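# Architecture and fold: a report
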Amino acid sequence: QVQLVESGGGLVQDGGSLRLSCVASGGTFRQYTIGWFRQAPGKEREFVAAIRWNSHTYYAESVKGRFTISRDNAKNTVYLQMNSLKPDDTALYYCAGDTGVILSSIRMHRMYDTWGQGTQVTVSS
């Protein structure tokens, strides 16, 4: 079973950029689908982006064109490059992993078994 640790969150101004990292230990990382999800206070956890074992990528409509997910299997790391950040992007960001996520369910947080502790992203207006 892989363990996941996120980093890279912080406070940034409207229009700024951040790069989040999700580092995995244990397990066979290259077999994992890794997703990024976020949760703002009082809101449900929502899908942001995901990358499959074959590096195919998937995005929520709200971040398409602004966020880029990528993976480096040699470093057991998935990145989320976030550009043109908006105050609505403010949330606790989690990475999650699983080897059995089917394509039709890739945006569903309950399909992922392993979660990190989260990293806070705050975008000021």
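The text that follows walks through the structure, step by step, so that each part is easy to find. Source: prediction; values computed, not measured. (Residues numbered from 1 in each chain as written. Predicted model: local features only at pLDDT ≥ 70, side-chain atom pairs only at ≥ 80, totals over all residues. Heavy atoms only, no water.)

Moving on, we come to the sheet that holds strand 3 (residues 18-25). The 4 strands lie next to each other as 1-3-8-7, forming an open sheet whose pairing is antiparallel. Because the sheet does not close on itself, it has two edges, and the strands there are strand 1 (3-7) and strand 7 (67-72). Strand-to-strand, the axes of this sheet are offset by a mean angle of 15°, without reference to chain direction. One ladder, built from 5 bridges, connects strand 1 with strand 3; its direction is antiparallel. From the neighbouring strand, Ser-7 faces strand 3, where its bridge partner is Ser-21. (Pairing = 2+ DSSP bridges. Helix = DSSP H or I, 4+ residues; strand = E, 2+ residues; numbered from the N terminus. Axes fitted to C-alpha atoms, helices over the stretch in contact; angles between N-to-C directions.)

Another point: the state of the cysteines. Counted under the stated rule, the structure contains 1 disulfide. Between Cys-22 and Cys-95 runs a disulfide, and the two sulfur atoms are separated by 2.1 Å. Disulfide Cys-22-Cys-95: torsion about the S-S bond near 70°, hence right-handed. With Cys-22 in strand 3 and Cys-95 in strand 9 (residues 91-98), this pair connects stretches of sequence that are 73 residues apart. The same class applies to Cys-22 as to Cys-95, namely buried. (Disulfide = S-S within 2.5 Å. Buried < 20%, exposed > 50% of the residue type's maximum accessible area, 1.4 Å probe, protein only.)

Turning to the packing of aromatic side chains, a few remarks are in order. Overall, the coordinates contain 4 aromatic pairs when judged by the stated rule. Taken together, a centroid distance of 5.7 Å and an interplanar angle of 70° make the contact between Phe-37 and Phe-47 edge-to-face. Here Phe-47 lies in strand 5 (residues 46-51) and Phe-37 lies in strand 4 (residues 33-39), a separation of 10 residues in the sequence. Arranged with centres 6.1 Å apart and planes meeting at 80°, the rings of Tyr-94 and Trp-115 form a pair that is edge-to-face. (Phe/Tyr/Trp six-rings, centres within 6.5 Å; stacked < 30°, edge-to-face > 60°.)

This next bit is on unusual backbone geometry. A positive phi is found at Ser-55, a non-glycine position, where the angle reads about 70°. As for its placement among the helices and strands, Ser-55 is situated in the loop between strand 5 and strand 6 (57-59). What makes Ser-55 partly exposed here is its relative accessible area of 40%. A positive phi angle, near 50°, is found at Asn-76, a position not held by glycine. Mapped onto the secondary structure, Asn-76 falls in the loop between strand 7 and strand 8 (77-82).

Per the stated rule, a full pass over the model turns up 4 salt bridges. Residue Arg-38 is joined to Glu-46 by a salt bridge in which the shortest nitrogen-to-oxygen separation is 2.6 Å. Under the relative-accessibility criterion, Arg-38 is labelled buried at 6%. Where Asp-89 meets Arg-66, a salt bridge forms, and the shortest distance between an N and an O atom there is 2.7 Å. Taken as a pair, Asp-89 in the loop between strand 8 and strand 9 and Arg-66 in the loop between strand 6 and strand 7 lie far apart in primary sequence, 23 residues in all. The pair formed by Asp-89 and Arg-66 is uniform in burial state, with each residue classed as buried. (Salt bridge = Lys/Arg side-chain N within 4 Å of Asp/Glu carboxyl O.)

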